[in-house]
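Here is what each chain is made of, one letter per residue.
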Amino acid sequence: MGLESIERSFMSDFLAKCGGYAVVDGGFATELERHGADLIDPLWSAKCLITAPHLVRRVHLDYLDAGANVIITASYQATIQGFEAKGLSAQEAEALLGRSVEIASEAREIYYSRCTKDSRDFIENGGISRCPILVAASVGSYGAYLADGSEYSGNYGETVTLETLKDFHRRRLQILARSGADLIAFETIPNKIEAKAYAELLDEEGIHVPAWFSFNSKDGINVVGGDSISECASIADSCEQVVAVGVNCTPPRYIHALILSIKKVTSKPVVVYPNSGETYDGESKQWVKSVGVAEEDFVSYISKWREAGASLFGGCCRTTPNTIRAISRILTHKSNTTFGQD
Ligand code: MET
Ligand SMILES: [Zn+2]
C-alpha cells in the first residue's frame, strides 16, 4: 500500500470509528480568556504554556467532556522565534512546543481513565477504539506570529517569499512532527503561498504524520489573502500527507459555499470549524461583538454543512464547550437517524 493510501485510510478509519462524523474542539484561546487568562501578548494562547499549563489542560478536558474527538494543542502561536523574543533559549522554546502536545495527551489520558471508571460499557463495548480521540498539533500561520492581524489579511508584503515562510516554519514543524501528536493541524492559512510552503516542507522533511490544511475566508469565495479557495484546496489535495482540507476561523455564513468549492477539487474529508461570526480587530486586539451568531443558530448550520459534504465539525474563536456539546449531540443523534439512512 502506498503512503497516500495509508494516510487516506488514517482519516477514513478514524471517521468510521466516530460513526461517520467527528467533532473537533472549539475556540481554544478564547476559552482560556473566558477563564481569565490575559492573552494580549505576542505569544497569545502559547503564553499559557509558560504561565498556566494547568489551565491549558483544563480547557482541553472541557472540550473532551463536551464531546470533542479531536483536540488542538496550544501551539498555534508558539514559535521558537516568538519564545526567543521573550528571552527563552532555543532549547527552552523547543521544550515548550513538545509540552503543548504532552499537555493535550495528558488531558486525553485523564478523560479515558474517567470514561473507564464511569462506565463498564466503555470497556465491554471495545473501550478506546469506540471513543477515539486525536491530539492535533496546531501550527498557526506566519501572520499569527507577526501578531499584527495579518493572519486575517493574508498580506505579508513583497519581501516575504516561499523560502522565507519555509525557513520560518521548518524547525517548529520538525519538532511537532516528532512530538507524538496524531495529526498536524495547519490552521487559519491565509494565502496560497503559505499552503505551498507547508506542502513543500512536509515533503522535504520527510514527515509522515498526517496533516490537515485549514484556510480562512471573509467572503465565502477566496481565502483572506485573495487567492481562491479552490486553488488553495488543490494544493492541499496534491499533498499526500494531507488527510483533510477545510476552513476555520471564518464566519458561519460563508462555510456552506466554501465546502462546495473544496469538494469540487478534492475527495479528501472536509473539516470545518468556524468562529462565532464576530470579527477580530487586529489593532485593538479585540473581537467586535455585534455581528456574532447565537449558539443555536451556529448549531443549526451543522446539518447543512454535513449535507454539503463536510465530515469534521467544530468551532473556532469565541465558540465554547457549549457549542461543541451541541454539535456533538446533533451529530450523534443524526448519525443514528437521518444521516445513517443516506
Ligand atoms: C485564530 S484561530 C485560532 C485557532 C486555535 N486552534 C485556537 O482556537 O486557539
Ligand atoms: Zn479562530
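Residues numbered from 1 in each chain as written. Chains lettered and ligands numbered in written order. Predicted model: local features only at pLDDT ≥ 70, side-chain atom pairs only at ≥ 80, totals over all residues.

Undergrad: Let's hear about the overall build of the protein chain: which residues, and what values?
TA: When you go through the protein chain residue by residue, the secondary structure sums to 15 helices and ten strands. Restricting the contact set of the protein chain to residue pairs at least 6 apart, pairs at least 24 apart contribute 78%. (Helix = DSSP H or I, 4+ residues; strand = E, 2+ residues; numbered from the N terminus. Contact = placed C-beta atoms within 7 Å.)

Undergrad: Provide a residue-level description of helix α4 (residues 53–65), including the pertinent values.
TA: For α4, with 13 residues, the first-to-last C-alpha span of 18 Å sits near the 18 Å given by 1.5 Å per residue. Along α4, the residues that are buried comprise V56, V59, H60, D62, Y63 and L64. With its phi angle positive at about 115 degrees, G67 sits one or two positions after the end of α4. (Expected span 1.5 Å × (residues − 1). Buried ≥ 20, exposed ≤ 12 C-beta atoms within 10 Å, placed from the backbone.)

Undergrad: Describe in detail the sheet that holds strand β6 (residues 242–248), supporting the description with residues and values.
TA: The eight strands lie next to each other as β1-β10-β7-β6-β5-β4-β3-β2, forming an open sheet whose pairing is parallel. Two strands bound the open sheet, and with one partner strand each, they are β1 (22–23) and β2 (70–72). (Pairing = 2+ DSSP bridges.)

Undergrad: Summarise the site of ligand 1; cite the residues concerned and give the values.
TA: Near ligand 1 the following residues occur: G27, F28, A29, S45, I72, Y76, S138, E187, T188, C249, C316 and C317. Split into classes, the residues belonging to the shell around ligand 1 amount to seven nonpolar, four polar and one charged. (Near = placed C-beta within 6 Å. Nonpolar A, V, L, I, M, F, W, Y, C, P; charged D, E, K, R; others polar.)

Undergrad: I'd like a description of the UniProt feature "binding site: Zn(2+)" (unreviewed entry) in the protein chain, backed by residues and values.
TA: Under the UniProt annotation, the feature "binding site: Zn(2+)" (unreviewed entry) is placed at C249, C316 and C317. Sequence-wise these annotated residues cover 69 residues; spatially they are packed, their C-alpha atoms never more than 6.3 Å apart. As for its placement among the helices and strands, C249 is situated in the loop between β6 and α12 (255–265). By C-beta crowding, C249 is classed as buried, having 25 other C-beta atoms within 10 Å. Discounting residues that sit within four places of it in the chain, C249 has contacts with T188, N216, N275, C316 and C317. Those residues in contact with C317 that sit more than four places away from it in its chain are G27, A29, T30, C249, N275, S276 and W287. (UniProt positions renumbered as here; feature names shortened; annotations may be inferred.)

Undergrad: So what's going on with the pairing of β6? Residues and values would help.
TA: Along β6, seven of the seven residues are buried, which leaves the element largely enclosed by surrounding structure. Pairing geometry for strand β5 (residues 211–215) and β6, over five bridges, is parallel. Pairing of S214 across the sheet is with G246, part of β6. Between the parallel elements β5 and β6, the chain passes through helix α11 (residues 229–238) in a crossover that is right-handed. Two elements, β6 and strand β7 (residues 270–273), share four bridges in a ladder whose sense is parallel. Within β7, the residue paired with G246 across the bridge is V271. With α12 bridging β6 and the parallel β7, this β-α-β connection has right-handed handedness. (Right-handed = clockwise from strand over helix to strand, strands pointing away.)

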